[in-house]
Amino acid sequence: MCGIIGAVHMKGNIASILRQSLKRLEYRGYDSSGIATVSEGTLFIKKDKGKIDDIHHRLNFDTLPGSIGIGHTRWATHGPPSKVNAHPHTDCQKRIAVVHNGIIENYQELREQLQANGHRFESQTDTEVIPHMIEEALSHTPTLKEAVAETITQLEGSYAIVVLGTNGKELVCARKESPLVIGLGTQGVYCASDVPAFLPMTRKTIVLEDHEVVHLTSNSALMSRIDDTGSLAPLPIREPTVVKWTIDMAQKGGYPHFMLKEIHEQPRALSDTLRIRKNDLEAFAEVLHNHKNILTIAAGTSFHATMAAKYMFSHIADRLIHGVIASEGSDTVAESLGKDTAVLAVTQSGETIDTLHAVKHLKNQGATILTITNTVGSSITRMADSVLYTQAGPEIGVAATKTYATQLATLASLSISLGTMTGAQTDKESQELFMALNQFPNLIQAVIRNQESQIKETAQQYITKSNFFFLGRGISTSTAMEGALKIKEIAYVHAEGYPAGESKHGPIALVEPGFPIIFVAPNDNTRRHLESNVMEMKARGAQIISICSATDQRLIDLSHHAIPLPELPSKFFSPISYVIPLQLLAYYAAILRGHDPDQPRNLAKSVTVL
Ligand code: F6R
């Protein structure tokens, strides 16, 4: 998982533009980075282990000469983070430089063949085979584009690559199962893993499909499609899409961290998402209605959204859905179960390889694929029969926040629409549910406005604690699990999210005086039983922190700390507002412990490895 960029300008030095583009891609990986440029027939490279700003401070990327170049920010897969393993990688003669996002599965065999032909390798990466293969191909093919084409037909696995040669006039890029977009600007032409990389230069983009190869010069992007034999067929000119994101949307907008900005953006993200067209929603719901089985596939936070959806679909639409964790997908679902099954894949990035693999497996078995994603043109959208987009805008912080809220809102809307089809809701009832859902943007605005400073104080009070339980019942189990995931991943605090009732069957053994337990306790039909769980934990000396209704004086009195929230317009959608304090708690827990919440260690924004 990495971020890549390539740029060809008509004139001027490109290095600082590439460096700033890499900064905007740093959410994709940040253990090492590098830039290569070409000037007067010579390749120049600076790369090292660490984050871009630190490397720049040491090496000054901006002094690299030339108006053409490529850049890379890495999330290690093959070979640990180090200077030699950082991209760009080169051939033996230092005439070709390559940046790559993805994994070359057959690199070991390719490397052995190349070594037998006398090629010398410097790194432990899978990527380094690519420049050496292009070097080989250039001994008998006339152009860089054809040499790249010959090379990629031999690669197994996934890749988005950008190739720079020393003629200094052209780049060649190609993709298979890893994202790549082209940007057409007035000063030059770009390709990158994601649009924010070149957003200050242009909003005109073309999303590449698998097996497409593009030849870029400062004023052209000529596209071809490659077949299995390596032959390139030119593609007709494709009209660019003008993306609506402003550079401001893709940057911090005055907040200290992307994560905090994205938490605060949730009211806007939610109302945009709730503007989903009724027809699109109904078409989607109809597919679900017409299938015997509904299976959800998702990972991490998106999986928690599908957990909540299980309750919504059951209570609102009278439909049981089976939730499967993406990484377990292909092993869980037997081959005979594809037919009559609608698969609902939920993934903000649309690039999570576990989700893609499970979906591919089920598609091959004859399942119909629906997806909810935030990323236009992502790999999942090409696999799916139907797509619903959440409208969160770019989410840069590694921890999912606003994309979670928008997934919940989309799943909630879908369950209402399906409920009308199944007859579980009358038209009037479903209208009332939609009205309730539409109150959530204002509701969460109020939660952020009224509770943020208290949550910060709570985070401070529990700063010395290194273990937490997050407990809930019913739909709130998913909220509890999401709260635990958030604090684990950005504050590095051990936390378990658990069904409160189940906590008696083991986890309670860990509770001793002072052990902090966060109860997610909306005023729904689980509230009465949850109180017994609170009492059980309190009797063992636990510190009780309740996220509960402001009207729930009884629980507020029972708790050591309470974070009171506004009354819910509908109990079915409680995760949308009850997750907000947990996101803020995790954020402040990270800040107070001195960690960068936007780039937690060992994690990356979209996980494109199995
Ligand atoms: C947690 C987080 C991850 C993702 C997971 C799935 O904050 O961001 O757990 O939710 O990697 O990602 P998507 O939704 O892109 O498939």
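Residues numbered from 1 in each chain as written. Predicted model: local features only at pLDDT ≥ 70, side-chain atom pairs only at ≥ 80, totals over all residues. Heavy atoms only, no water.

1. Some details on the domain arrangement of the protein chain
Under the domain assignment, the protein chain is made up of domain 1 (3-216), domain 2 (255-438) and domain 3 (447-610). For domain 2 and domain 3, the distance between their C-alpha centroids amounts to 24 Å. Summed over both sides, the interface between domain 2 and domain 3 buries roughly 3300 Å², with carbon and sulfur atoms accounting for 71% of that surface. The interface formed by domain 2 and domain 3 holds 11 residue pairs in polar contact (both at pLDDT 80 or more) in total. Secondary-structure elements contributing two or more residues to the side of domain 2 that touches domain 3 are α6 (258-264), α7 (266-273), α9 (300-317), α11 (353-364), α13 (402-422) and α14 (427-437). Counting residues per element, the side of domain 2 that touches domain 3 draws most heavily on α9, which supplies nine residues. A per-class count over the side of domain 2 that touches domain 3 returns 25 nonpolar, 13 polar and three charged. (Domains from an automatic or database assignment. Buried area = accessible area lost by both parts, 1.4 Å probe. Polar contact = N/O pair within 3.5 Å; in protein donor to acceptor, adjacent residues only side chain to side chain. Helix = DSSP H or I, 4+ residues; strand = E, 2+ residues; numbered from the N terminus. Nonpolar A, V, L, I, M, F, W, Y, C, P; charged D, E, K, R; others polar.)

2. Quick notes on the site of the ligand
If you check the shell around the ligand, you find 14 residues, and the closest are Ser302, Thr347, Ser349, Thr352 and Glu489. Between the ligand and the protein, one listed contact pairs an oxygen atom with a backbone N or O atom of Ala400 at 2.9 Å. According to the grid-proximity analysis, the pocket containing the ligand is the second largest pocket. For the shell around the ligand, a count of residues per class yields five nonpolar, seven polar and two charged. (Near = heavy atom within 4 Å. 1 Å grid on protein atoms, 1.4 Å probe; cavity = no way out; pocket = protein on both sides within 12 Å on 5 of 7 lines; lining within 4 Å. Sits in = over half its atoms within 2 Å of the grid points.)

3. Focus: the packing of α7 against helix α15 (residues 440-461)
Where α7 contacts α15, the two axes come as close as 8 Å, and the packing angle between them is 175 degrees. Judged on the interaxial angle alone, α15 and α7 are roughly antiparallel. For the pair formed by α7 and α15, the contact residues are Gln266, Pro267, Leu270 and Ser271 on the first element and Phe440, Pro441, Ile444, Gln445 and Ile448 on the second. Residues belonging to the contact of α7 with α15 are distributed by class as follows: six nonpolar, three polar and no charged. (Axes fitted to C-alpha atoms, helices over the stretch in contact; angles between N-to-C directions. Parallel < 35°, antiparallel > 145°, perpendicular 65-115°, else oblique. Contact = heavy atoms within 4.5 Å.)

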